[in-house]
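# Structural features, examined
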Amino acid sequence: MADSPSPGPAERGTRRGYALAVAVAGASLVVSAILPWAGVEARSDLLGGGVSSGIRGVDAGLGVYTLVAGLAALALGVAGGLGRPWIAALAVVPGGLATALLVMFVADPRGLADRVSLDLGRVLSVEPVIRYGWFAALAASLAVVLFAVLTVLRRS
């Protein structure tokens, strides 16, 4: 006997759960685009202190595009949760795009001044840093892709 093309109630519920997980991951991506992504820290052991400056994700063009990708993933996840779960599978596109944008943010050669490190021993140390918001955005974008793929996979 061949499998029926329409999923049963239990599988449909699981797929809707994945669709809602896509929505939650998309919302997490939106929030993480507002968090600090990078910065420059200057420390001096001689003076016993330091100064840091940061940049939020939405302060850069790539962060704004990541925010938009998160909004798209959120909308597709909600639409998949309320309607047909396969709609949430389309969130793999904004999730993958957000992942690529995050990698481009770190690898961007234009910000050479932000990537130069200066170390004068205990007197002064200046270095660029990646902040927690960038890691949160990367985790959220990968979660969007994972849950979008799980939405279309059939259970055995």
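Quick summary incoming for the structure in this document.

Parameters and conventions
- Residues numbered from 1 in each chain as written.
- Predicted model: local features only at pLDDT ≥ 70, side-chain atom pairs only at ≥ 80, totals over all residues.
- Heavy atoms only, no water.
- Helix = DSSP H or I, 4+ residues; strand = E, 2+ residues; numbered from the N terminus.
- Expected span 1.5 Å × (residues − 1).
- Buried < 20%, exposed > 50% of the residue type's maximum accessible area, 1.4 Å probe, protein only.
- Arc of directions from axis to C-beta.
- Core = buried A, V, L, I, M, F, W, Y, C linked by side-chain atoms within 4.5 Å.
- Contact = heavy atoms within 4.5 Å.
- Pairing = 2+ DSSP bridges.
- Patch = residues over 30% accessible without salt bridge, like charges linked within 9 Å, V, L, I, M, F, W, Y side chains within 5 Å.
- Areas by Shrake-Rupley, 256 points an atom, 1.4 Å probe, with all protein chains shown as cover.
- Salt bridge = Lys/Arg side-chain N within 4 Å of Asp/Glu carboxyl O.

Taking 1.5 Å of rise per residue, the 22 residues of helix 2 (residues 61-82) would be expected to cover 32 Å, and the 32 Å separating its terminal C-alpha atoms lies within 8% of that figure. Along helix 2, the residues that are buried comprise Leu62, Gly63, Thr66, Leu67, Ala69, Gly70, Ala73, Gly77, Gly80 and Gly81. Take helix 2 and look down its axis: the buried residues cluster within an arc of 165°, on one side only. What points out from helix 2, more than 90 degrees from its buried face, is the exposed set Tyr65 and Leu82.

Tracing the sequence through the fold places Gly96 in helix 3 (residues 92-107). When its relative accessible area of 31% is taken as the criterion, Gly96 is described as partly exposed.

Now for the environment of Ala72. Its place among the elements puts Ala72 in helix 2. Taking relative accessible area as the criterion, Ala72 reaches 31% and is therefore assigned partly exposed. Each C-alpha atom, one on Ala72 and one on Gly95, is 8.9 Å from the other, the two residues being 23 residues apart in sequence.

Next up on the list: the nonpolar core. Counting residues in each nonpolar core, the largest one holds 16 residues, and the members touching the most others are Leu29, Trp37, Leu102, Phe105, Trp134 and Ala137. Contributions of two or more residues to this core are made by helix 1 (9-32), strand 1 (36-44), helix 2, helix 3 and helix 5 (132-152). The leading source of residues in this core is helix 3, at four residues. Apart from the residues within four sequence positions on either side, Ala137 is in contact with Leu29, Ser32, Trp37 and Leu102. Residues Ala19, Val22, Ala91 and Val144 belong to the second largest nonpolar core, which totals eight residues.

Our next topic: the pairing of strand 1. In this structure, strand 1 lies alongside strand 2 (residues 49-56), joined through eight bridges in antiparallel fashion. Bridge assignment links Ala42 to a residue of strand 2, and that residue is Val51. The turn linking strand 1 back onto strand 2 is made up of four residues, and Gly48 within it adopts a positive phi angle of 75°. As defined by bridge partners, strand 1 adjoins strand 4 (residues 125-130) across six bridges and the pair is classed as antiparallel.

With that settled, the discussion passes to a nonpolar patch on the surface. On the surface, a cluster of nonpolar side chains totalling about 620 Å² of accessible area is made up of Trp86, Leu90, Val92, Val93, Val149, Val152 and Leu153. Going through the elements one at a time, helix 3 and helix 5 are the ones with two or more residues in the nonpolar patch. Relative to the helices and strands, Val93 resides in helix 3.

Before going further, it helps to examine the side chain of Arg131. Along the polypeptide, Arg131 turns up in the loop between strand 4 and helix 5. Since its relative accessible area comes to 17%, Arg131 is described here as buried. Beyond its immediate sequence surroundings of up to four residues, Arg131 is in contact with Pro36, Trp37, Ala38, Gly39, Val40, Glu41, Ser52 and Ser53.

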